[in-house]
Amino acid sequence: MAIIKINKQNFYHNLNQIALKTGSVDKIAIVLKDNAYGHGLEYMAKLASEFGIKHAVVRKISEAEQITSFFDTILVLGDTITQHDKYFFAINSLDDISRAQKGAKVELKVDTGMHRNGIALDELEEALRSIKEQGLDLVGVMTHFRSADELSSELFWQQKRFEGVKKHVKNAGFTNVRFHSCNSAAILRMKHFNEDLVRVGIGAYGYDELPLPFDEVLLKPVLALYAKKIATRVLKKGERVGYGGDFTAPKEMTVSTYDLGYGDGWRRGDSTRPFITAENLPILGRVSMDFITLESDKEEVCVMNDAQNAAKQFGTISYEVTTALSAAIAKEVN
Ligand SMILES: *Cc1c(COP(=O)(O)O)cnc(C)c1O
């Protein structure tokens, strides 16, 4: 099967860049949901912990359970709210509060404009009251920006609303609450960071989806995807490759099949606009479930070492390219 090589130096470089923005490694929560964006949950948790990161963010309890020993706190974004020493649970609605287990550590998510999850601003008072009544331990209050990666003022009015939320929570007598709002895009464009935590995903993995004017921080891709040779053959001029025979050899050429396909989460794409690999080889014909064909006879080829470049070729974003990669692909940390 294909193999994912993780570049530890690059990961640490990115975390350093983010620490320069937050002022401290202690203020970074590494987002490890969805198999650490395809990079491998346990591998990335271990590396992040060795770097000194103390906080993580995941979606489900089952993910938190695989990495508990590496962190001081793990924020679970969307799962049944139960009492646990290290797990903090996001409250996404007033209903979540009434369903939560007494004594659970919770972080209230406030909707300041994204309108996806979180309680509405005018529900804040009620939410704080029922958190007290239910005997929950409020340890955090957060929001999520909808347009941190766009060249507009939207980020700023959401921030302003969140400042109001902070005041309200403090005035209601809650102490020991951590406040956080920034994802990667927001922290990368932030000049004066003054919150308790950032929730950093894509930036730590080496991608910056901000438009050019913001592009000041150099990040380095952490993941490279390699495939191994299965078989080599020589095509005569006019012979065609793969399903539908979409590629026709223009001359005699040596080609090999490699062990990567859409079954591994690699995109099937469009054979009329072939993907160009990191070694500048176009994928010949259609991507199969488990194979691609390249004009090469090397034992191992690097298919991709920059998901942002790959995303441009596929018309999507780096997040989707790496997150789609199957968790079953072997990982190697270099
Ligand atoms: C996924 C997620 C993040 C991380 O976003 P990036 O853009 O990858 O940095 C932060 N906060 C929440 C609530 C998320 O769901």
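J.: What am I meant to see in the overall build of the chain here?
T.: Within the chain, the secondary structure is distributed over 10 helices and 16 strands. Within the chain, buried positions represent 51% of all 334 residues. With the model as given, the accessible surface of the chain reaches about 15,300 Å², and the carbon-plus-sulfur share is 48%.

J.: Just checking my understanding: could you explain the packing of helix 1 (residues 8-22) against helix 3 (residues 41-51) for this structure?
T.: For any two helices packed against each other, one specifies the inter-axial angle together with the distance between the axes. Their axes nearest at 11 Å, the elements helix 1 and helix 3 cross at an angle of 55°. Put simply, helix 1 runs oblique to helix 3. The handedness of the crossing between helix 1 and helix 3 comes out as right-handed. Contacts from K8, F11, Y12, L15 and N16 in helix 1 reach M44, L47, A48, E50 and F51 in helix 3. A breakdown of the residues in the contact of helix 1 with helix 3 according to their chemical character gives seven nonpolar, one polar and two charged.

J.: Would you mind showing me how to read the side chain of S296 here?
T.: Within the secondary structure layout, S296 lies in the loop between strand 14 (292-294) and strand 15 (300-304). Among the polar contacts listed, one links the side chain of S296 to the backbone nitrogen of K298, at a separation of 3.0 Å. Those residues in contact with S296 that lie beyond four places of it in its chain are T254, V255, S256, Y258, L281 and V301.

J.: I tried to follow the domain arrangement of the chain on my own but got confused; where do I start?
T.: Reports often express the size of an interface as the amount of accessible area lost when the parts come together. Assigned domains of the chain: these are domain 1 (8-200) and domain 2 (223-305). Measuring from the centre of the C-alpha atoms in domain 1 to the corresponding centre in domain 2 gives 41 Å.

J.: Mind showing me how you'd approach the sheet that holds strand 6 (residues 105-109) here?
T.: Strand order around the closed barrel formed by eight strands is 2-3-4-5-6-7-8-9, with parallel pairing between neighbours. Going from strand to strand, the sheet's axes swing by 30° on average, the running direction of each strand aside.

What counts and how
- Residues numbered from 1 in each chain as written.
- Predicted model: local features only at pLDDT ≥ 70, side-chain atom pairs only at ≥ 80, totals over all residues.
- Heavy atoms only, no water.
- Helix = DSSP H or I, 4+ residues; strand = E, 2+ residues; numbered from the N terminus.
- Buried < 20%, exposed > 50% of the residue type's maximum accessible area, 1.4 Å probe, protein only.
- Areas by Shrake-Rupley, 256 points an atom, 1.4 Å probe, with all protein chains shown as cover.
- Axes fitted to C-alpha atoms, helices over the stretch in contact; angles between N-to-C directions.
- Parallel < 35°, antiparallel > 145°, perpendicular 65-115°, else oblique.
- Left-handed = near helix turned anticlockwise from the far one by under 90°.
- Contact = heavy atoms within 4.5 Å.
- Nonpolar A, V, L, I, M, F, W, Y, C, P; charged D, E, K, R; others polar.
- Polar contact = N/O pair within 3.5 Å; in protein donor to acceptor, adjacent residues only side chain to side chain.
- Domains from an automatic or database assignment.
- Pairing = 2+ DSSP bridges.

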